[in-house]
Amino acid sequence: MTTIATNLQAVRARIATACAAAGRAPESVRLLAVSKTWPVADLAAAVDAGQNAFGESYLQEALPKLAALTERVAPARLEWHFIGPLQSNKTRPIAEHFDWVHAVDRPKLAARLSAQRPAECPPLNVCLQVNVSGEATKSGCRPDEVEALARTVGALPRLRLRGLMTLPEPTPDVAAQRARFATLRTLRDALNAAGFALDTLSMGMSDDLEAAIMEGATLVRIGTAIFGARQ
Ligand SMILES: *Cc1c(COP(=O)(O)O)cnc(C)c1O
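Throughout what follows, the structure given in this document is the object of discussion. (Residues numbered from 1 in each chain as written. Predicted model: local features only at pLDDT ≥ 70, side-chain atom pairs only at ≥ 80, totals over all residues. Heavy atoms only, no water.)

Quick word on the pairing of strand β6 (residues 159-165)
Most of β6 sits out of view: 6 of its 7 residues are buried. Note that β6 and strand β7 (residues 200-202) share 3 bridges and pair parallel. Note on β7: the bridge partner recorded for G163 is T200. In the classification by handedness, the crossover that spans β6, the intervening helix α7 (residues 174-193) and the parallel β7 is right-handed. (Buried < 20%, exposed > 50% of the residue type's maximum accessible area, 1.4 Å probe, protein only. Helix = DSSP H or I, 4+ residues; strand = E, 2+ residues; numbered from the N terminus. Pairing = 2+ DSSP bridges. Right-handed = clockwise from strand over helix to strand, strands pointing away.)

So, the nonpolar core
By size, the foremost hydrophobic cluster in this structure holds 65 residues, and its most contacted members are F54, L69 and L128. Ranked by size, the runner-up nonpolar core spans 5 residues in total, among them L32, A53, I83 and L219. (Core = buried A, V, L, I, M, F, W, Y, C linked by side-chain atoms within 4.5 Å.)

Quick look at the site of the ligand
The full set close to the ligand counts 13 residues, and K36, S206, R221, T224 and R230 are the nearest of them. Between R221 and the ligand, the recorded distance is 2.9 Å, taken from a side-chain N or O atom to a nitrogen atom. Here the shell around the ligand is built from residues that sort into 6 nonpolar, 4 polar and 3 charged. (Near = heavy atom within 4 Å. Polar contact = N/O pair within 3.5 Å; in protein donor to acceptor, adjacent residues only side chain to side chain. Nonpolar A, V, L, I, M, F, W, Y, C, P; charged D, E, K, R; others polar.)

Remarks on the packing of helix α2 (residues 40-48) against helix α3 (residues 59-72)
It is at 10 Å that the axes of α2 and α3 come closest, and there the two elements cross at 45°. Considered as vectors, α2 and α3 are oriented oblique to each other. The handedness of the crossing between α2 and α3 comes out as right-handed. Residue-level inspection shows V40, L43, A44 and V47 of α2 in contact with α3, the latter providing K65, A68, L69 and R72. When the residues that make up the contact of α2 with α3 are grouped by side-chain class, the tally is 6 nonpolar, no polar and 2 charged. (Axes fitted to C-alpha atoms, helices over the stretch in contact; angles between N-to-C directions. Parallel < 35°, antiparallel > 145°, perpendicular 65-115°, else oblique. Left-handed = near helix turned anticlockwise from the far one by under 90°. Contact = heavy atoms within 4.5 Å.)

Focus: the packing of aromatic side chains
For the structure on display, the rule yields 3 aromatic pairs. Taking the centre distance of 6.5 Å and the plane angle of 25° together, the rings of W38 and F227 count as stacked. With W38 in the loop between β1 (30-34) and α2 and F227 in helix α9 (residues 224-227), this residue pair connects regions lying 189 residues apart in the sequence. Given a relative accessible area of 17%, W38 falls into the buried group. When its relative accessible area of 8% is taken as the criterion, F227 is described as buried. When the centroid spacing of 5.3 Å and the interplanar angle of 80° are considered together, the rings of F82 and F98 count as edge-to-face. Of the two residues, F82 is situated in strand β3 (residues 79-82) and F98 in the loop between α4 (91-97) and β4 (100-104); the sequence distance between them amounts to 16 residues. Judged by relative accessible area, F98 falls into the buried class, the value being 1%. (Phe/Tyr/Trp six-rings, centres within 6.5 Å; stacked < 30°, edge-to-face > 60°.)

The quantities given are spatial measurements derived from coordinates; they are silent on function.
Pasting the structure below:
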């Protein structure tokens, strides 16, 4: 087996163990392989090991990789998630080439993505990024802004609002990790109680996926534990 195949197996085992500890079914958590900075050959190794959903953060890097991998693998087998920060002058290629966008945090970006989503594609799956650890510099809307943003996004014809995403400041303190993830879950529950039907909590990375799964993550975004440490 390649290192990537071995690593993927280990990550899947961590997810299964965390799900068992949380009393959840292992199929309730999807694994997104975060392949930013890694070459197409590494993504292909992950595909050979059964992985089909990939997360990329940098548009310029992602587009040629997406094209090259799609040429090697039947396109229907792949799912592409844009997880990086959004800039309004770069929304069009994202709307054209990706299946999901995780970091929508402003109405203007959402409106552009909806307007630019090609008619022949299904609606673009969207998560709203929420800043749950309070840093002024971080992207993501404030928790008290999320309901208004959800109403705006939910009304856009070419977007499908799926859930919430967060990227908290790293901390080794598991109780603090869980508290932040719990904040996102509580926000999701409040939105669903207000009439939304959000099925996705995009939270948890290589170092904190267990805490995220304990708090209800449905999609974990894992880079380092699959592909190795980035430069
Ligand atoms: C890079 C990145 C990840 C993956 O982080 P790892 O610690 O390498 O698992 C997850 N989410 C986002 C938004 C990222 O930019």
